[in-house]
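# Descriptive analysis of the structure
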Amino acid sequence: MIAIIAGGAWTCPAQSVAPPQIAMINDAIEQGWADYEITPAKEADDAIWCRRVFLDIIGRIPNLEEQQEFASDRGGSRRAKLVDRLLHDDRYTEEYANHWATVWTNLLIGRGGGMDRRDLTNRDGMMKYLRDSFAANKSYDRMVYELVTAEGSTKPGAPGFNGAVNFLVGKVNEEKAVLAASSVSRLFLGQQVQCTQCHNHPFNDWKQQKFWEFNSFFRQSRALRRFVDGTRDVEYAELVSEDYAGEAGDPNDALVFYEMRNGLTRVAYPVFTDGTEIAKSGYVDDVNRRKELGRLMLDSQSLDRMAINRYWSMFLGYGFTKPIDDMGPHNNPTHPELLDNLSEAFRGSSYNLKDLITWITLSRPYSLASVLGSNNQIDDPSIGETPKFSRFYLRQMSAEQLYQSLVSASGGNAEGTYEQQEKKRRDWMRQFVVTFGTDEGDEATTFDGSIPQALMLFNGELTLNATSTKPGSFLDRLSQSGRSTRDRLNRLYMAGLSRTPTKREVAMAGELYRARGGKEIEMLQDVWWAILNSNEFIMQH
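Along each chain, residue indices are assigned from 1 in the same order as the chain's sequence is written. For a predicted model such as this one, the threshold for reporting local features is a pLDDT of at least 70, and the threshold for listing and counting side-chain atom pairs is 80 or more; totals across whole chains, interfaces and linings nevertheless cover every residue. The basis for every side-chain value is the complete set of non-hydrogen atoms in the structure, without hydrogens or water.

## Description of the nonpolar core
Ranked by internal contacts, the top residues of the largest apolar core, which has 101 residues, are Tyr140 and Phe188. Definition used in this section: a nonpolar core is a set of buried Ala, Val, Leu, Ile, Met, Phe, Trp, Tyr and Cys residues joined via side-chain atoms within 4.5 Å. Burial here depends on accessible area, computed with a 1.4 Å probe over protein chains only, as a share of the maximum for the residue type. Under 20% is buried, over 50% is exposed, and the range in between is partly exposed. In terms of nonpolar packing, the next biggest core, distinct from the first, is built from 33 residues, Leu55, Leu406, Leu492 and Tyr493 among them.

## Considering the pairing of strand β4 (residues 221-227)
For two strands to be treated as a pair, DSSP must find no fewer than two bridges joining them. Helix and strand definitions here come from DSSP, where helices need a minimum of 4 consecutive H or I residues and strands a minimum of 2 consecutive E residues; each element is numbered from the N-terminal end. Summarising the sheet, β4 and strand β5 (residues 234-241) pair through seven bridges and their orientation is antiparallel. Its bridge partner lying in β5, arginine 222 is registered against valine 240. With antiparallel pairing between neighbouring strands as the criterion, β4 and β5 make up a hairpin whose turn holds six residues, including glycine 230 at a positive phi of roughly 75 degrees.

## Overview of the sheet that holds strand β3 (residues 152-153)
Sheet architecture is open: three strands sit in the order β3-β5-β4, paired in antiparallel fashion. The sheet terminates laterally at β3 and β4, the two strands that pair on one side only.

## Digging into helix α7 (residues 140-149)
Among the ten residues in α7, nine count as buried, and that is most of the element. All of the buried residues along α7 are Tyr140, Asp141, Met143, Val144, Tyr145, Glu146, Leu147, Val148 and Thr149.

## Examining helix α2 (residues 46-58)
Multiplying one less than the number of residues by 1.5 Å gives the expected span of a helix. The end-to-end C-alpha separation of α2 is 18 Å, in line with the 18 Å expected for 13 residues at 1.5 Å each. The buried count for α2 comes to twelve of 13 residues, which makes it a mostly enclosed element. Polar contacts, as used here, are pairs of N or O atoms within 3.5 Å; protein pairs need one atom able to donate a hydrogen and one able to accept it. Residues neighboring in sequence count only if both atoms are side-chain atoms. Among the residues of α2, the N-terminal cap falls to aspartate 45, whose side-chain oxygen and the backbone nitrogen of alanine 47 are separated by 3.1 Å. Following α2 by one or two positions, glycine 59 has its phi on the positive side, about 85 degrees.

## Some details on the packing of aromatic side chains
Aromatic rings from Phe, Tyr and Trp, taking only the six-membered ring of Trp, are treated as a pair when their centres fall within 6.5 Å; an angle between ring planes under 30 degrees marks them as stacked, one over 60 as edge-to-face, and anything in between as tilted. Counting across every chain of the model gives 23 aromatic pairs. On the basis of an interplanar angle of 65 degrees and a centroid distance of 6.2 Å, the ring pair of phenylalanine 315 and tyrosine 366 is categorised as edge-to-face. Placement of the pair is phenylalanine 315 in helix α11 (residues 301-316) and tyrosine 366 in helix α14 (residues 364-367), with a sequence separation of 51 residues. What makes phenylalanine 315 buried here is its relative accessible area of 1%. Judged by relative accessible area, tyrosine 366 falls into the buried class, the value being 0%. Every member of this aromatic cluster is reached through a ring pair, and the members are Trp104, Tyr140, Phe167, Phe188, Phe346 and Tyr351. In this scheme, Lys NZ or Arg CZ marks a charge over a ring once it lies within 6 Å of the ring centre and within 35 degrees of the ring normal. Across the ring face of phenylalanine 227, the terminal group of arginine 232 is positioned such that the distance to the ring centre comes to 4.1 Å. The cationic tip of lysine 388 hangs over the ring face of tyrosine 36; the distance from NZ or CZ to the ring centre is 4.7 Å.

## Observations concerning the packing of helix α6 (residues 123-135) against helix α16 (residues 418-429)
Relative to each other, α6 and α16 sit at 115 degrees, their axes nearing to 13 Å. One element, α6, and the other, α16, form an angle in the roughly perpendicular class. In terms of crossing hand, the pair formed by α6 and α16 is right-handed. Mapping the contact onto sequence places Arg123, Asp124, Met127 and Arg131 in α6 and Tyr418, Glu422, Arg425 and Arg426 in α16. Per-class residue counts for the contact of α6 with α16 are two nonpolar, no polar and six charged. To obtain each axis, a line is fitted to C-alpha atoms, and for helices this fit is confined to the stretch in contact; angles are then taken between N-to-C directions over 0 to 180 degrees. Roughly parallel covers angles under 35 degrees, roughly antiparallel covers those over 145, roughly perpendicular covers 65 to 115, and oblique covers all other angles. Crossings are assigned a handedness: left-handed for a near helix turned anticlockwise from the far helix by less than a right angle, right-handed for a clockwise turn. A contact between two residues is defined here by any heavy atoms of the two lying within 4.5 Å. Note that Gly is not counted as nonpolar here; it falls among the polar residues with everything else outside the nonpolar set of Ala, Val, Leu, Ile, Met, Phe, Trp, Tyr, Cys and Pro and the charged set of Asp, Glu, Lys and Arg.

## Structural notes on the confidence of the model for the chain
Residues with a pLDDT of 70 or more make up 90% of the chain, whose mean pLDDT is 89. The quantity known as pLDDT measures the predictor's confidence residue by residue, on a range of 0 to 100. Within the model, pLDDT remains below 50 along residues 1-15, and this stretch shows 36 contacts once partners closer than five positions in the same chain are excluded.

## Notes on unusual backbone geometry
Residue proline 323 follows lysine 322 across a cis peptide bond; omega there is -5 degrees. Checked against the element boundaries, proline 323 lands in the loop between α11 and α12 (336-348). Not every positive phi belongs to a glycine, and lysine 176 is a case in point at roughly 55 degrees. In this fold, lysine 176 is placed in the loop between β3 and α8 (178-189).

Shown next as structure tokens:
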């Protein structure tokens, strides 16, 4: 018995019948195509899809052996098997956990978080907590609750270590915990409230009162510095919950004050976004405000919708709203029914992230080619059109994906211990981080062809390793494989771009071959260098 995934061209064996959520996605997206009278792009070929799913699930391109393993599976369910392998096979657990720990570390503390000696945040502690969580496939709701309610110390090995504290430890002390409130609401509830600390928001229903009520949940939280003995150097920080007397000095009625634009002062107590109030006491023994907040967040549908919107955008390039973390009546989603149904299904799956990733990566919109044709020209979000997901939207690899792909292209993992590899990666990453001067200190990685970036990609250690011809290197092994020079050239293009070379590229390789005096490995080295430095290599397509 064979189960056919609706709208797709592949099949699943009966023992792993396609989850109904995949058909739900396909039906909703296809209805949108019908409504707009557009025809979607054709399905991407297997090699391109394989490269795409490797990048999205474990953060790097597949090597030749992995591509061949995928291609050699002649069954109708090869795509479903590959997703299952990347998510559940032990050989990929470490890469899966590292990739998603990196993604979430950047979201929670920024690419620069924990990189400064004066920073209370410990990046290694944040990464360890997330790596352990993803390796164990901790449920999304559990992870969010732990991040919002964590207490303990930041640094691995320190007494009371709890890596989850690194999310908030650098956000609770300064400016009345404003950043803690705005980060939690934005990242996990999809509500951008940073502006409302000063005034009512002009475009959504968040008011200044609502912001300070939400902010009140963080007023019992304090980050304590622990110093190296005999010095004023911070060794690590500790996030604690302590009694809060309120700004009027009465812990039985721990209120906060805020000033309105007209100069009047008002008071606020902890009230969740849905209007649920908790006790006004500031004594932790009476009520732990962050734990109450965590509990209320788990009951909120906003938590589910934000998770779906974020993961959808990570895999499809665009979310159901723009920006993804500003949701609400003022910002209508492109596919409201699908967003709601997926949110409900995610909660119904006990917030299993691997289930969610499976639904999305095996859906029809994820499988499409990245072609903008005459039949779907209106599906171009880059010029302001709402995304209709009738094709896969081209996008650049993240800097982290590029790094890991270059490491993979060199034929193996970076040398040294995990700590040494992390240091190398962070040093390399600094070349790509751009920090914007927004309230949230937003960051991005861009490949804008700056001189440091170009030099690093042209002649950096990673590229030199990847293009080495020393015994045992990728190129050395490649030169001894295959049946002919043409076959080896094909393999080279497959390794980097998941396609064979065009006639023009074959002709250019021939010219290089002659220019190198018939030394094939030198020709392959030149071509490989050009591939790794091409725009096509750094694109996810």
